[in-house]
Amino acid sequence: MRNRALRIVSGLGGVVAILAITPSVGFAQDYVPTAQDYLNNIWVFIAGVLVFFMQAGFALVEAGMTRAKNVVNIFAKNMTDAVVGILAFFATGWAFAFGDSGGWFIGTSNFFLQDLDLAAIPEGGLSPGTSFFFQAVFAATAVTIASGAMAERTKFWSYVIFSAVMCAFIYPVIVHWTWGGGLIADIDINGAVFSDFAGSGIVHMTGGIAAFMGALFLGPRIGRYAADGSPRAIPGHNIPFAILGVFILWVGWFGFNPGSELLADEFVSGIAINTMLAACAAGLFTAITITLVSGKPDLAMIGNGVLAGLVAITAPCGAVTPMMSVVIGGIAGVLVVFAVLFFDKVKIDDPVGAISVHGICGFWGLISVGLFATYDDAFLGREDAGLFYGGGIDQLLVQLLMAAIILVWVLVCTGILFGVLKATIGLRVTAEEEIEGLDVLEHGLQGYAADMAHTS
Amino acid sequence: MRNRALRIVSGLGGVVAILAITPSVGFAQDYVPTAQDYLNNIWVFIAGVLVFFMQAGFALVEAGMTRAKNVVNIFAKNMTDAVVGILAFFATGWAFAFGDSGGWFIGTSNFFLQDLDLAAIPEGGLSPGTSFFFQAVFAATAVTIASGAMAERTKFWSYVIFSAVMCAFIYPVIVHWTWGGGLIADIDINGAVFSDFAGSGIVHMTGGIAAFMGALFLGPRIGRYAADGSPRAIPGHNIPFAILGVFILWVGWFGFNPGSELLADEFVSGIAINTMLAACAAGLFTAITITLVSGKPDLAMIGNGVLAGLVAITAPCGAVTPMMSVVIGGIAGVLVVFAVLFFDKVKIDDPVGAISVHGICGFWGLISVGLFATYDDAFLGREDAGLFYGGGIDQLLVQLLMAAIILVWVLVCTGILFGVLKATIGLRVTAEEEIEGLDVLEHGLQGYAADMAHTS
Amino acid sequence: MRNRALRIVSGLGGVVAILAITPSVGFAQDYVPTAQDYLNNIWVFIAGVLVFFMQAGFALVEAGMTRAKNVVNIFAKNMTDAVVGILAFFATGWAFAFGDSGGWFIGTSNFFLQDLDLAAIPEGGLSPGTSFFFQAVFAATAVTIASGAMAERTKFWSYVIFSAVMCAFIYPVIVHWTWGGGLIADIDINGAVFSDFAGSGIVHMTGGIAAFMGALFLGPRIGRYAADGSPRAIPGHNIPFAILGVFILWVGWFGFNPGSELLADEFVSGIAINTMLAACAAGLFTAITITLVSGKPDLAMIGNGVLAGLVAITAPCGAVTPMMSVVIGGIAGVLVVFAVLFFDKVKIDDPVGAISVHGICGFWGLISVGLFATYDDAFLGREDAGLFYGGGIDQLLVQLLMAAIILVWVLVCTGILFGVLKATIGLRVTAEEEIEGLDVLEHGLQGYAADMAHTS
Amino acid sequence: MKLVTAVIKPFKLDDVKDALKAIGVAGITVEEVRGFGRQGGHTETYRGAEYKIDFVPKVSLGIVVADESVDGVVDAIVAAAATGKIGDGKIWVTDVERLVRIRTGEEGTDAI
Amino acid sequence: MKLVTAVIKPFKLDDVKDALKAIGVAGITVEEVRGFGRQGGHTETYRGAEYKIDFVPKVSLGIVVADESVDGVVDAIVAAAATGKIGDGKIWVTDVERLVRIRTGEEGTDAI
Amino acid sequence: MKLVTAVIKPFKLDDVKDALKAIGVAGITVEEVRGFGRQGGHTETYRGAEYKIDFVPKVSLGIVVADESVDGVVDAIVAAAATGKIGDGKIWVTDVERLVRIRTGEEGTDAI
Ligand SMILES: Nc1ncnc2c1ncn2[C@@H]1O[C@H](COP(=O)(O)OP(=O)(O)O)[C@@H](O)[C@H]1O
Ligand SMILES: Nc1ncnc2c1ncn2[C@@H]1O[C@H](COP(=O)(O)OP(=O)(O)O)[C@@H](O)[C@H]1O
Ligand SMILES: Nc1ncnc2c1ncn2[C@@H]1O[C@H](COP(=O)(O)OP(=O)(O)O)[C@@H](O)[C@H]1O
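Position numbers for residues count from 1 along each chain, tracking the sequence in the order it is written. Naming scheme: in the order in which they are written, chains are lettered from A and ligands are numbered from 1. Reporting of local features is limited, given that this is a predicted model, to residues whose pLDDT is at least 70; pairs of side-chain atoms are given and counted only at 80 or more, and all residues count toward the totals for whole chains, interfaces and linings. Only hydrogens and water are removed before side-chain values are computed, so all heavy atoms of the structure are retained for them.

(A) Looking closely at empty space enclosed by the protein. Taken as a whole, the largest cavity encloses approximately 600 Å³ of empty space. Residues are grouped as follows: nonpolar covers Ala, Val, Leu, Ile, Met, Phe, Trp, Tyr, Cys and Pro; charged covers Asp, Glu, Lys and Arg; every other residue, Gly included, is treated as polar. In terms of residue class, the lining of the largest cavity is made up of 13 nonpolar, 15 polar and three charged. Reported here for the second largest cavity is a volume of approximately 400 Å³. The way it works is a 1 Å grid over only the protein atoms, where trapped points that fit a 1.4 Å probe form a cavity and open points with protein on both sides within 12 Å along at least five of seven lines form a pocket, and then any residue with an atom within 4 Å of a point lines it. What lines the second largest cavity is a set of 25 residues, and nearest its centre among them are Phe36(D), Gly37(D), Gly89(D), Lys90(D) and Gly27(F). Elements with a minimum of two residues in the lining of the second largest cavity: strand 2 (28-36), strand 5 (56-65) and strand 6 (90-95) of chain D together with strand 2 (28-36), strand 5 (56-65) and strand 7 (98-101) of chain F. When residues in the lining of the second largest cavity are grouped by element, the largest group, three residues, is from strand 5 of chain F. Grid points are joined across faces, edges and corners, and a volume is the space filled by probe spheres set on the points. Strands are runs of DSSP state E lasting at least 2 residues, helices are runs of H or I lasting at least 4, and numbering of each runs from the N terminus.

(B) Expanded view of the interface of chain A and chain B. In what follows, a contact means two residues having at least one pair of non-hydrogen atoms within 4.5 Å. The interface is formed by 79 residues belonging to chain A together with 90 residues belonging to chain B. Buried area is calculated as the accessible area (1.4 Å probe) missing from two parts once they are joined, with the contributions of both summed. In total, chain A and chain B occlude about 6,900 Å² of area from one another, counting both sides; carbon and sulfur atoms represent 74% of this. Here a salt bridge means any side-chain nitrogen of Lys or Arg lying within 4 Å of a carboxyl oxygen belonging to Asp or Glu. Here chain A and chain B share zero salt bridges between them. Within 3.5 Å is the distance limit for a polar contact, defined as a pair of N or O atoms, with the added protein rule that one can donate a hydrogen and the other accept it, and that residues adjacent in sequence qualify only through two side-chain atoms. At the surface where chain A touches chain B, the tally comes to six residue pairs in polar contact (both at pLDDT 80 or more). Sorting the residues of the side of chain A that touches chain B by element identifies helix 1 (4-7), helix 2 (35-64), helix 3 (71-98), helix 4 (128-149), helix 5 (156-177), helix 7 (239-259) and helix 14 (438-443) of chain A as the ones contributing at least two each.

(C) View of the site of ligand 3. Lining the immediate environment of ligand 3, one finds 22 residues, of which Thr29(E), Arg103(E), Arg38(F), Gly87(F) and Lys90(F) sit closest. Note that an oxygen atom of ligand 3 is positioned 2.8 Å from one of the side-chain N or O atoms of Arg103(E). Measuring from an oxygen atom of ligand 3, one finds a backbone N or O atom of Gln39(F) at 3.0 Å. Surface exposure here means Shrake-Rupley accessible area, sampled with a 1.4 Å probe, where a residue is shielded only by the protein chains that are shown. When ligand 3 is considered free in solution it has 540 Å² of accessible area, and contact with the protein chains removes 99% of it. Every element with two or more residues in the shell around ligand 3 is listed here: strand 2 (28-36) and strand 5 (56-65) of chain E together with strand 2 and strand 6 (90-95) of chain F. Considering every element that reaches the shell around ligand 3, the biggest residue donor is strand 5 of chain E, with three residues. Tallied by class, residues from the shell around ligand 3 come to eight nonpolar, eight polar and six charged. It suffices for a single heavy atom of a residue to lie within 4 Å of a molecule or strand for the residue to be listed as near it.

(D) Seen up close, the relation of the copies chain A and chain B. Copy-to-copy alignment: least squares on C-alpha atoms, limited to residues at pLDDT 70 or above in both. The operation relating chain A to chain B is a screw motion whose rotation component is 120 degrees, with 0.0 Å of axial translation and a residual RMSD of 0.0 Å. Taken together, the rotation angle and the small translation identify this as a three-fold axis. Taken as a fraction of all interface residues of chain A, those also at the interface in chain B reach only 8%, which identifies the copy contact as different-surface.

(E) Spatial organisation of the packing of aromatic side chains. All names here are of chain C. Ring pairs are drawn from Phe, Tyr and Trp, using the six-membered ring of Trp, whenever the two centres fall within 6.5 Å, and their geometry is named by plane angle: stacked under 30 degrees, edge-to-face over 60, tilted for the rest. Scanning all chains against the criterion turns up 108 aromatic pairs over all chains. A centroid spacing of 5.7 Å and a plane angle of 75 degrees characterise the contact between tryptophan 94 and phenylalanine 132, whose relative ring orientation is edge-to-face. With a gap of 38 residues between them, tryptophan 94 in helix 3 (residues 71-98) and phenylalanine 132 in helix 4 (residues 128-149) connect regions that are remote in the sequence. Tryptophan 94 gets classed as buried once you look at its relative accessible area, which sits at 0%. To sort residues, take the accessible area from a 1.4 Å probe on protein chains only and compare it with the maximum for the residue type: under 20% means buried, over 50% means exposed, and anything in between is partly exposed.

(F) Summary view of the site of ligand 1. As a matter of local geometry, ligand 1 sits amid 22 residues, with Arg38(D), Gly87(D), Lys90(D), Thr29(F) and Arg103(F) nearest to it. Among the chains of the assembly, those with residues near ligand 1 are chains D and F. Measuring from a nitrogen atom of ligand 1, one finds a backbone N or O atom of Val64(F) at 2.9 Å. Side-chain polar atom of Arg101(F) to an oxygen atom of ligand 1: 2.9 Å apart, as the coordinates give it. Against a free-state accessible area of 540 Å², the protein chains account for coverage of 99% of ligand 1. Those molecules having more than half of their atoms within 2 Å of a cavity or pocket grid point set are described as sitting in that cavity or pocket. When each cavity is represented as a set of grid points, ligand 1 is found to reside in the second largest cavity.

(G) Looking closely at helix 9 (residues 299-313) of chain C. Residues and elements named next belong to chain C. Helix span is expected to be 1.5 Å times the residue number reduced by one. Along its 15 residues, helix 9 runs 21 Å from first to last C-alpha, staying within 8% of the 21 Å computed at 1.5 Å per residue. The element helix 9 is largely enclosed, with a buried count of 15 among its 15 residues. Among the residues of helix 9, the N-terminal cap falls to aspartate 298, whose side-chain oxygen and the backbone nitrogen of alanine 300 are separated by 2.8 Å.

(H) A nonpolar patch on the surface, seen in detail. Where nonpolar side chains cluster on the molecular surface, the patch consists of Leu407(C), Val408(C), Leu411(C), Val412(C), Ile416(C) and Val420(C) and spans about 480 Å² of accessible area. Residue placement: Val420(C) occurs in helix 12 (residues 394-423). Residues enter patches when their relative accessible area tops 30% and they take part in no salt bridge; the joining distance is 9 Å for like charges and 5 Å for the nonpolar side chains Val, Leu, Ile, Met, Phe, Trp and Tyr.

(I) How the structure looks around the pairing of strand 6 of chain D. Taken across its six residues, strand 6 of chain D has five buried, putting it largely inside the fold. Where strand 1 (residues 2-8) of chain D and strand 6 of chain D come together, six bridges link them in antiparallel fashion. If you follow Val4(D) over to strand 6 of chain D, its bridge partner there is Val93(D). The pairing of strand 6 of chain D with strand 7 of chain F spans four bridges and is classified as antiparallel. Looking at strand 7 of chain F, one finds that Trp92(D) is bridged to Leu99(F). One bridge is not enough; two strands pair if DSSP finds at least two bridges between them.

(J) Inspection of the interface of chain C and chain A at higher detail. Counting from both sides, the interface comprises 79 residues of chain C and, opposite them, 90 residues of chain A. A buried area of about 6,900 Å², summed over both sides, lies between chain C and chain A, and 74% of it is on carbon and sulfur atoms. Taken together, chain C and chain A are joined by zero salt bridges. Listing elements by their share of the side of chain C that touches chain A, those giving two or more residues are helix 1 (4-7), helix 2 (35-64), helix 3, helix 4, helix 5 (156-177), helix 7 (239-259) and helix 14 (438-443) of chain C. At 13 residues, helix 2 of chain C tops the list of elements feeding residues into the side of chain C that touches chain A. Class assignment for the residues of the side of chain C that touches chain A results in 54 nonpolar, 20 polar and five charged.

(K) Here's a closer look at the packing of helix 5 of chain A against helix 12 (residues 394-423) of chain A. Residues and elements named next belong to chain A. For every element, the axis is a line fit to its C-alpha atoms; helices are fit only across the contacting stretch, and the angle between N-to-C directions ranges from 0 to 180 degrees. Between helix 5 and helix 12, whose axes approach to 11 Å, the crossing angle comes to 155 degrees. One way to sum up the angle between helix 5 and helix 12 is to call them roughly antiparallel. The handedness of the crossing between helix 5 and helix 12 comes out as right-handed. Only Ile405, Ile406, Trp409, Val410, Cys413, Thr414, Leu417, Phe418 and Leu421 of helix 12 make contact with helix 5, whose side of the interface consists of Ser158, Ile161, Phe162, Val165, Phe169, Ile170, Val173, Ile174 and Trp177. Across the contact of helix 5 with helix 12, the residue classes tally to 16 nonpolar, two polar and no charged. Roughly parallel covers angles under 35 degrees, roughly antiparallel covers those over 145, roughly perpendicular covers 65 to 115, and oblique covers all other angles. Handedness of a helix crossing follows the sense of rotation of the near helix relative to the far helix, less than a right angle counterclockwise being left-handed and clockwise being right-handed.

(L) Focus on the side chain of Thr29(F). With respect to the helices and strands, Thr29(F) occurs in strand 2. Exposure remark for Thr29(F): the relative accessible area of 12% places this residue in the buried category. Ignoring any residue separated from it by four or fewer positions in sequence, one finds Thr29(F) in contact with Val7(D), Val33(D), Arg34(D), Trp92(D), Ser60(F), Leu61(F) and Gly62(F).

Nothing here speaks to function; it is geometry throughout.
Take a look at the structure:
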């Protein structure tokens, strides 16, 4: 038992002294962790908190880029991603992703964290508790990406179901195939193995593809396209929210990428620098590109640009130089502009650009490893794996193969899911509800109630 | 003295190398701390920063759930809780809470941090500096809870005085009785001793009771009840603010609970997981409950729900399993809905639900330890203390006794305080001021000035 | 190479175990860092993340204190400070500041981080990677300060150029002269050497002077002064944004000052306490002062006050007692009010008070070291250097000399820069654009588009 | 038909609405407006500099009614909106030559 | 000249504007308003307590036209704004005795 | 009595208000409106897609005055609001049959 006497201040100038001799959460364990072990776990936990903070960022970006009449619904969807998504990952997600698996497909143990000693820190590694916390907030991120593309027209309860299935099954299976050691982890082309350090593909491309399918099944918002089929902008109602959201997401990314080192080592700050520079380069190149395309530095697009850079560097951040991070980010910043224009043209209505930012630039990040990798990020298992560093095309092929597998899996799963939802309880609100706004009809609430209406 | 030469970059690739040989803040000390000691202190400090961030969350939740005409006053009150509250805790709060005490009642040394070596890190513990920082931000949290219940009708300067007294005296005494080793810490029922890991009772119930008294002494806002006495909703003017606030509070809670371990050990992430799951379960169950009650998933109520789960798990987070955290949170999520409805009916006008969230669910969290405790959280001093784990009712009795003591103390103290304020400078603004809004009349400012009014 | 096998979960209950044997980002190194070394670097990195978060705070404060019609432009400027500023610091800033220098003036190596082993952690110090990250976010802070004073009338692309030059050259040179070991670091008056622990002068005064020059070259906003020359207030459009920004900046300052210890040692929390208390005291004294001056507790001014206290304590936070921190902060809180009134009177239109907060109170913080320093903050190299602690006036003189050098340098550089911009592409938007608002004309975007305008 | 325009204090809106409902008024169009008048404004200071809040928030109601209903409507508004304090507001009546219900195309009093 | 005032559903604004442009209307002044009428509102609950959203968002258009154009304008609005659903709104016409273009000081129909 | 309605550029509001005060106007009711007219709007692009900002922000003033004061009021507004640039706005005058001060029940010019 832990010594309570030491928990209670003995009165010596308020010094709180505690000795943690035995477990309080979790059962006993053999290995006695070192200060470095504790540091590793505390650091990754803190990184996880930064990642969780991204939930607020996603909510703000989505809310800011859409209309006031739907703002309550948008925050409700994002709150759902955290609340339902994390519960789903707790129930089955973690088990499917990291549970023991006979074969390549799926894990089948530790549902609801059963039979896990959360406090057992292995030598030089993370305790199951730390791992679960970090993985759970990642899952919440993966699902919330789709929310933006489905904004302003999705039935709330249908979205809740999507969110649950995504975190309970679709995403965890991909994690099992990669970080969990399944299907994709087994690919080996002349020694080249997959590398997706923090999840450009596993997390963002997955979310982006789900976003695409959501937007596809829903169809564009009323008024988004003119009679002649030309796209008409529906400007967001609160740009400050959107950009505040971008800043918060950027902050969160300093947990997302550096935290994925899963250790408190000498490489953390280098990973952070790559993350920072890619975001900056992307923002700058988006500003230049959109100014050339439409004449003005459209801040909403620049916001997309910064996020595009962050998404792209998520895979290569541990394997490339700062200079190449600028290149990768810069390309993402150009890419995202044309991607947004493209999806607009083909009538995929994505109010916040989630497909372009997370889907397209997630893909770009994944293959950029095959082009620019020079350091061993502990996935690659070798130096100079990138094509431009003499590594040949093997790595590029593995990355492409990986992207293809993720694409197929998410297309099929979300296709079935959205199809079933559409056929049963329905995916889209009525035209009347969409025109009046979802807030009052779905939630009985106005986002911005006027004082007027309720005094006396 | 510390070697300045090392402070200034010698030019070797910009490597900043420093050796801290002797103290800079605080005086000399004997024990030479280990890396683990430093880790403990840095971690708890960072947790304290997260807790401080909660101030922004409280301000946003309160502002979002009230009217635009009072938004300046609401941010002013929350800023006061930080500014005045922390100064008051510095002046006398810490001394009363953690100063040496002859007996059970109150500490009487170290006013204004006098005679404390802030930098003295004891073996396996926290320095007075780290402890003070962490405790000070807790104090600011305790006082700011009441702000929400007193919103839209309280005189600013009266609130300032309340805020000061709360942090200078009322709250510190409770801390002294518990974490400080006084009255409540001395209770022992067949070996069962109090357990309030991070303060469901000490911090939140305390704040909730003060909130109740504030709302009681103030009376309901004009227009809150119809002529026939039936409650009329006064919807908040900015739901996005409210939910952003909930997200920020949630983030802060990852400092509040895990930081209360007061060590960087293997239990931190488990505590965080319990915190996260309880919040999720509460949010989900509130969504379901309010939908059954009023037909729609009211996001403002769901926001309360998430906070209710966080408050409830604050006491048991170190002693229960993840599964039981879901149960505790889920119950809190249901409880908070009916608590809000109840206080509405009895004409206690609590604009943000502070009494229900912090008072009622703080109480629930406190007794839930007596029901579900299975691990030793270093307060309990034993395993399986909970009723449902064969620990008998002793623990439950201690927790109930503790709750009763807190209830009486806060009722009496705040009763006297609000009574005196009401009898002297007055507690409530004039009806005219309340109708016009507090912002312009109390602060000379509009929350949202129109561009119109000030161009040319 | 790093062991991939350990990267991929072997299935043992999802425990992710990793051993980082060799570098992934950066090349090999000789010294094997200890747990304490890793802790130092992780801590300073996390502090850097908090500092980066300040970008959001600056954006919110500026946006909240200005008009809705310019809110997009304001967020665009602040995003630019991060995006362009950090890229500029990466390109040349770091090299000028910390590169090898033959003499006192400027560094000339490691442009674009060339020839730096980012991962090389020296004994008891920070790796170049950690140092760069921390210094880069500081640079972004220094430049963003000026944004507020130049709000609502500056051409976007001119601001972009200012932002780049500031981070690429003007600020880095000052850093080289001080933390970099140049001109100012070489000053020695009877053993008294400069001390600017976290940059009241180096960062904030620099930013404040640039802000002054910007406001001077731009001239006041249309309508800011009545025909008779009397100042007319232009109230901010969103006080909640402004105060949320203040809270975020306050949080960030817990990275800014404690992080500047550049070590995870026993002094971190003391530095944080000084920072916290100075902010509180400043907020309180500003509230009292402005109430005496204008009759009401003007929250916008109180927000300035809190920031004034934070700026002032930034230099002395490592050298003074908590009590003296209250004094230093309190004085700053009074100072800022009269500074704002003064600049108003002399027709320097500073919409957010950046000159008063960062310039004046940065100067105050710098000289306060000469008055109140009692501990050795590792710059001073001695105890009791302050005038009031028997240290004589030597320290005061050094601080004054330092301030004078910074003043001259920034006045000259920004004078030339703004002069050139004004003479070429122009610094200020047209009167018509200023009246209509910069958002639509510069960015093609409204900050708050009405739903109305885009349905059907 | 006539258009009755009433400028009242915002917190009186619910009372006035209920009063009008009570006498059978079927429709009202409401706007948030700012009023300048005898009530005057405040002179406040923002960050030390003075500014006048000349315009106080008001609510304006527009009600189209049949000629014979005008007096009743005006009286009802006065009764419900009056506080006796300066700034209670104004009511004015203008002539409406034609009224159309968009949904049906009905004209005149049928459209009210 | 006449002032044509039309209260319509917000999402119809673009259609109505285009319809009026089509028939040569040179100017419109638009306001966001709240309407109370047959359409009624919702009774919602906020944190468990009931409240009525009596007023639904509408948009009001004010158009000054020459007498002879009134019918055309009214018809155009009805055609563009009608959905057949309750709440489509109203149009009313009042007489304008004088119109001035501020820029030029022009009066009467020249000022339209 | 007459109701003078003026639609002006927002930044001219203070000047117009002061000008009206100067000639003894006791009360004004102001609204933020959006204007469509010769001034035209902007075609902007948002995230790559075009949209028209057809309506530019304007401010509308409503002033009820005695018949004899109309010309003075109109002239004062024109003088204060004119910039000579397109988009300065319009002023129109309609007849008011009845005016009531809610506070006192006073009618007619006494109520102004
Ligand atoms: N001549 C007027 N024309 C238009 N609106 C007016 C006029 N006079 C007053 N108002 C409106 O009525 C409101 C109340 O008028 P005010 O003179 O302040 O109080 P009271 O009506 O009690 O004398 C004003 O705020 C303004 O909106
Ligand atoms: N008598 C009236 N006076 C002024 N505005 C009215 C009147 N009747 C209706 N309105 C406006 O017209 C809108 C639509 O009217 P409503 O009765 O709801 O539907 P409909 O016009 O189809 O019968 C209302 O919301 C209100 O803004
Ligand atoms: N026929 C009209 N009816 C109502 N409002 C009008 C009319 N014509 C113009 N306006 C209003 O006057 C404003 C200015 O008119 P505009 O034609 O743009 O410039 P100008 O009045 O200088 O010719 C418009 O934005 C609109 O609000």
